[in-house]
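Chains, contacts and geometry: an overview
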Amino acid sequence: MGFYCDYVFPRLMEWVMAGDEFIRLRKGLLASAHGEVLELGIGTGLNLPHYPETVTELHAVDPAQLLPNTIAERSARLSFPVRIQRDTAETLTYTDRRFDYVISTWTLCTIPDPIPALQEVRRVLKPGGRFLFLEHGRSDDRKIAAWQDRLNPIQNVIGCGCHLNRQIDRLILDAGLAIVNLDRFHMQSVPRLGGEMYRGMAAKSD
Ligand SMILES: C[S@@+](CC[C@H](N)C(=O)[O-])C[C@H]1O[C@@H](n2cnc3c(N)ncnc32)[C@H](O)[C@@H]1O
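This write-up is about the structure you can find in this document. These figures come from a predicted structure and were not determined experimentally.

Thresholds, definitions, all that
Residues numbered from 1 in each chain as written. Predicted model: local features only at pLDDT ≥ 70, side-chain atom pairs only at ≥ 80, totals over all residues. Helix = DSSP H or I, 4+ residues; strand = E, 2+ residues; numbered from the N terminus. Rg over C-alpha atoms; globule rule 2.2 N^0.38 Å. Buried ≥ 20, exposed ≤ 12 C-beta atoms within 10 Å, placed from the backbone. Contact = placed C-beta atoms within 7 Å. Near = placed C-beta within 6 Å. Nonpolar A, V, L, I, M, F, W, Y, C, P; charged D, E, K, R; others polar. Core = buried A, V, L, I, M, F, W, Y, C linked by C-beta atoms within 7 Å. Pairing = 2+ DSSP bridges. Axes fitted to C-alpha atoms, helices over the stretch in contact; angles between N-to-C directions. Arc of directions from axis to C-beta.

Here we take up the overall build of the chain. Assigned secondary structure in the chain consists of seven helices and seven strands. Helices and strands appear in the chain in the N-to-C order α-α-β-β-α-β-β-α-β-α-α-β-α-β. What you see for the chain is a C-alpha radius of gyration of 16 Å, in line with the 17 Å of a compact globule of 206 residues. Principal axes of the C-alpha set define a box for the chain whose edges measure 45 × 40 × 30 Å. Out of the 206 residues in the chain, the part that is buried amounts to 38%. Contacts in the chain between residues far apart in sequence, at least 24 positions, make up 68% of those at least 6 positions apart.

Laid out in structure tokens, this is it:
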């Protein structure tokens, strides 16, 4: 991935994405998670302190290994085991219908092929399981969306593969998941270009 994405970007993420507004949003999203949980793109483990004790086991996949010592320290404070695989979300190795919850926070922007990844989410969710997402993406405001399109190539480089302009709800629906609830808002602490949020819950549609 290179020096910038391996060493600089994870530290930038720790600095920017651990702010108060991020913490409040992470905590709120994760509050209902329980049982066996899978997190896509664990990054530096910023969600770890916010999982409730109702989680019995946390699995995570990420092709990168970002700040492994930080992840290990955060995992050690939890009451349940954390098992991380260096895999991509597009090719999960878990058996069908394994998880009660799958979580994605600020990750669908970066996964190279989000629809196959979301089809994998659908496959590994138990019947009645839930996909919780908290993602930035394409604005409903046409002017902002046009700027997101223009600046996307630059964001791709400085955000190590991150896209500004993905329509997250469309991707979820196209992968065959049903959206149970969706909340659109923009973050106060992030410029609109990268702070147009999609927060919600999805389930298997069959
Ligand atoms: C912006 S970071 C977000 C990290 C974390 N989810 C959070 O909320 O702080 C995006 C993460 O997606 C990971 N990622 C990139 N491609 C991926 C893929 N194909 N499957 C799973 N994760 C991926 C990156 O390595 C990175 O850790």
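Anyway, onward from the coordinates.
Near the ligand, the surroundings consist of 23 residues, among which Gly41, Gly43, Ala64, Thr88 and Ala89 are the closest. In terms of residue class, the shell around the ligand is built from 13 nonpolar, eight polar and two charged.

Turning our eyes to something else, we now look at the nonpolar core. Counting 41 residues, the largest nonpolar core has Ala33, Val37, Val102, Ile103, Val121, Phe131 and Phe133 as its most contacted members. Listing elements by their share of this core, those giving two or more residues are α2 (20-30), β1 (35-40), β2 (55-61), β4 (99-105), α4 (114-124), β5 (125-136), α6 (168-174) and β7 (196-204). Filtering out sequence-adjacent residues up to four positions away, alanine 33 remains in contact with Tyr51, Pro52, Val55, Tyr101, Ile103 and Leu132.

Now for unusual backbone geometry. With a phi close to 45°, leucine 67 is a non-glycine residue in the positive phi region. Mapped onto the elements of the fold, leucine 67 is located in the loop between β2 and α3 (68-76). A positive phi angle, close to 50°, is found at tryptophan 106, a residue other than glycine. Within the fold, tryptophan 106 resides in the loop between β4 and α4.

Turning next to the environment of leucine 66. Along the chain, the position of leucine 66 falls in the loop between β2 and α3. Take leucine 66: there are 22 C-beta atoms within 10 Å of it, and that puts it in the buried class. For the pair leucine 66 and serine 32, spaced 34 residues apart in sequence, the C-alpha separation works out to 26 Å. Filtering out sequence-adjacent residues up to four positions away, leucine 66 remains in contact with Pro10, Gly43 and Thr44.

Here we take up the sheet that holds β2. One open sheet holds the seven strands; their spatial order is β3-β2-β1-β4-β5-β7-β6, and the pairing between them is mixed. Each edge of the open sheet is held by one strand with a lone partner, namely β3 (82-85) and β6 (177-186). In this sheet, neighbouring strand axes are inclined to one another by 15° on average, regardless of whether the strands run parallel or antiparallel.

Attention now goes to α2. Of all the positions in α2, only Phe22, Arg26, Leu29 and Leu30 are classed as buried. In a view along the axis of α2, the buried residues occupy a sector of 90°, so they form one face of it. Exposed side chains of α2 directed beyond 90 degrees from the buried face belong to Asp20, Arg24 and Gly28.

Turning our attention to the pairing of β7. Put simply, side chains in a regular strand alternate between the two faces of the sheet. Pairing of β5 with β7 involves six bridges; the strand directions are antiparallel. Considered in β7, the bridge of leucine 134 is made with arginine 199. Sheet topology note: the β6/β7 ladder contains nine bridges and is antiparallel. In the strand pairing of β7, aspartate 183 is matched with arginine 199.

Our focus in this paragraph is the environment of tyrosine 94. Here tyrosine 94 is to be found in the loop between β3 and β4. Using a count of 17 C-beta atoms within 10 Å as the deciding quantity, one classes tyrosine 94 as partly exposed. Residues tyrosine 94 and leucine 38, spaced 56 residues apart in sequence, show a C-alpha to C-alpha distance of 9.8 Å.

Burial analysis of β1 places five of its six residues in the buried class, which makes it a mostly covered element. The pairing of β1 with β2 spans six bridges and is parallel. The residue bridging glutamate 39 from the neighbouring strand is alanine 60, located in β2. Bridge count for β1 against β4 is four bridges, and the pairing is parallel. Each residue of the ladder has a partner; that of leucine 40, found in β4, is serine 104.

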